[in-house]
Amino acid sequence: MTGLPATTGLPATAGLPATAGLPATTGLPATAGLPATTGLPATTGLTVCAPLRVEARALRRGLHGAAGSSPAGRPADDGGAGNGHVPGMNGVPGAGGQVRVVRTGYGPRRSEAAAASIAASPPAMLAVAGVGGALTPDLRVGDLVVATEVTGDGATVSCPAAPLLAGELRRAGLRVTTGTIATVAHLVRHGQHARLAADGAIAVDMESKPLLAGAAGGPAVVVRAISDTPEHAVVNPRIVSGGLAALRSLRQAAPVFERLAAAAGPRQVLLAGPRSFCAGVERAIDIVELALEQHGAPVYVRKQIVHNATVVADLERAGAIFVDELGEVPDGAMVVFSAHGVSPEVRQEAARRSLSTIDATCPLVAKVHAEARRFAQDGYLVALIGHAGHEEVEGTMGEAPGAMALVQTADDVARLRPSDPDKVAYLMQTTLAADEASGIVDALTDRFPAATGPGSDDICYATTNRQRAVRAIAADSDLVLVAGSANSSNSKRLVETAERAGTRAYLVDGPEDIQLGWLAGASTIGLAAGASAPPAIVRQIVSALGGLGEVQTKEVVVATETVQFGLPKELRQRTADPASMADPAGVAGPAGDRQRPT
Ligand code: SF4
């Protein structure tokens, strides 16, 4: 080990060119670079703690606009006495929130002193940013590590805003990994990397843990740019370019701190109720899990079992293989049909190939299929109100291709050419927005007064309830977030429903998708979730928002759901599930539930 501090990845005395502004950290007084916070007005923005001078300089240079320069035009520096700057800090109003960069000094001792000084007048939010050492081989020099938690001195501090910050940094084009950062008291030497990694840490430094005390219990984040890796030890000449690459990443990350500052603060979260999984989605996931349990991996699933990236990824890890078409399923294998349903043609192909099939079609989708068959057999032209390309629509249309027409807008109604205008029927995709679909039904009944609809609503109870719930929270929210994947029809309809209620709304797969800019000025956030979005995603979003400031949650419940669907016979035979055994029709639910499969 040379004199290069593995924990920062930067050489303490040599290695980087002088112009890189290497810190002569030794010999600095314990408070060197610290703001004289006593007597300073408490900031409402973000204080960024940068242990080393080069780190502070890189961050200041990266801040938006003229923020990295002193009024005289030369780079602001922690030693900028005489230019009107408080030594060690730089207030940056910028386009986002106010950011001040504070040089806090190298190592735990100076960090403790700096934290005590900052905590005397705590900021709205605290960030620690600097370079660090990688502990795992997947990290490269210049990568950023955003801490989900920081360990040190036998204690752990959580950083719940990590996914928000990581997502924003990735959108800024940076390579980002989230995980545990370990703060150690001494330079990491050969052999110690593995021990720290075995404890779950992915990166190491010497300052983050004590610096987090500067937040005084308020929100805080930690970002470290990797300057050395276990493979490229600090004795390697690569450390020079590694240090520069790390500083470059810090500079590129700096503008994100402005957006973080603008997003920080306490807020209220209104939770839409009901939200997340419906009975059909729970049943479909159960079916794949039970098929894996009873038959072993792999189990093939035609199309995504439900339209959610997290659900699909979890099941893939458990041994499910998702395919687009049956042609990708080997002979003799087991295949599950997704909750969105399949056309008779797909069933026939599976039978022809003697595939072992389990049908996870939601019973409420199956009901629409049955209605399509009935109307077609009775000689009706069946107008299916839905969205082209959606798997549910493709499956339903396949029930009677010669007798069905897809209607996506009221204009499409004018193009219908029934052989008998008195024999027009309409059905709906189960996940439509009720208000949008009713406009199309009006156009149909205007043109074909004898048009007949389904016996009971096709738009399912779960879709209807979630739309009512999102309307209930939208009016009181500055912003509505809808948890759900981009290909989830019912989730997209929730976004549209909130927007029609006059509130801006965004679809997010998880907290990483939330743009910090959306949160600026949003003191009340509505949070809904599509029927295919796992409840855990909602919890993760609330937790991440809580990482920006105190969050108070309030649930707005418009309906209580008690619907349950039983398992298909292929799984019931081997499952001692009293509910599914007691309900051979496939549906269990209280009297009064609006829909029953037919
Ligand atoms: S959203 Fe409705 S139709 Fe779709 S799976 Fe859930 S209950 Fe079934």
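Up top is the structure these notes are about.
Residues numbered from 1 in each chain as written. Predicted model: local features only at pLDDT ≥ 70, side-chain atom pairs only at ≥ 80, totals over all residues.

### Overview of the site of the ligand
Heads up, the condition is: Residues are counted as near a molecule or strand when the C-beta atom, derived from backbone positions, lies within 6 Å of that molecule or strand. Numbering goes from the N terminus for both helices and strands, where a helix is a DSSP run of H or I of at least four residues and a strand is a run of E of at least two. Here the term charged refers only to Asp, Glu, Lys and Arg, the term nonpolar to Ala, Val, Leu, Ile, Met, Phe, Trp, Tyr, Cys and Pro, and the term polar to all other amino acids, Gly among them. Segmentation of the chain into domains, including their bounds, is taken from an automatic or database domain assignment.
Around the ligand, the structure places 15 residues, and the nearest of them are Cys278, Gly280, Cys362, Thr430 and Cys460. Elements with a contribution of two residues or more to the shell around the ligand: α7 (279–295), α10 (363–377) and α14 (461–474). With 3 residues, the top contributor of residues to the shell around the ligand is α7. Considering only residue class, the shell around the ligand consists of 10 nonpolar, 5 polar and no charged. When residues of the shell around the ligand are assigned to domains, at least three fall in each of domain 2 (267–276 + 461–557) and domain 3 (279–363 + 567–588).

### Considerations on the sheet that holds strand β17 (residues 424–428)
The criterion, for reference: Strands are labelled as partners when DSSP assigns at least two bridges between them. Lines are fitted to the C-alpha atoms to define the axes, a helix being fitted only along its stretch in contact, and any angle between axes, read from their N-to-C directions, falls within 0 to 180 degrees.
Sheet architecture is open: 3 strands sit in the order β16-β15-β17, paired in parallel fashion. Either end of the sheet is taken by a strand with one partner, and the two such strands are β16 (404–407) and β17. Here the strands of the sheet are splayed against their neighbours by 25° on average, with no regard to which way each runs. Relative to β16, strand β15 (residues 381–385) runs parallel, the two being bridged by 4 bridges. Pairing of leucine 384 across the sheet is with leucine 406, part of β16.

### Brief notes about the pairing of strand β8 (residues 201–205)
Our working definition: Comment: burial labels come from other C-beta atoms within 10 Å of the residue's own C-beta, placed from the backbone, where a count of 20 or more is buried, 12 or fewer is exposed, and between is partly exposed.
Buried residues dominate β8, accounting for 5 of its 5 residues. As judged from the 2 bridges shared by strand β4 (residues 125–134) and β8, these two strands associate in the antiparallel manner. Bridge pairing links glycine 133 to valine 204 in β8. Relative to β8, strand β7 (residues 176–183) is paired through 4 bridges, and the arrangement is parallel. Each bridged residue has a counterpart across the sheet, and for threonine 180 the counterpart in β8 is alanine 201.

### Describing unusual backbone geometry
Here the amide bond leading from glycine 273 into proline 274 is cis, since omega sits at 5°, within 30 degrees of zero. Along the polypeptide, proline 274 turns up in the loop between β10 (267–273) and α7. Cis geometry marks the peptide bond from alanine 297 to proline 298, where omega comes out at 0°. Checked against the element boundaries, proline 298 lands in the loop between α7 and β11 (299–302). You will see that aspartate 153, though not glycine, has its phi angle at about 55°, which is positive. Mapped onto the fold, aspartate 153 is located in the loop between β5 (144–152) and β6 (155–158). When the 11 C-beta atoms within 10 Å are taken as the criterion, aspartate 153 is described as exposed. For alanine 216, which is not glycine, the phi dihedral falls at a positive 50°. Assignment of secondary structure puts alanine 216 in the loop between α5 (208–212) and β9 (220–228). Look at alanine 216 and you get partly exposed, because 16 C-beta atoms sit within 10 Å.

### Let's talk about the environment of alanine 197
If you trace the backbone, alanine 197 turns up in helix α4 (residues 192–198). For alanine 197, a count of 19 C-beta atoms within 10 Å gives the class partly exposed. Separated by 15 residues in sequence, alanine 197 and alanine 182 have C-alpha atoms that sit 9.1 Å apart.

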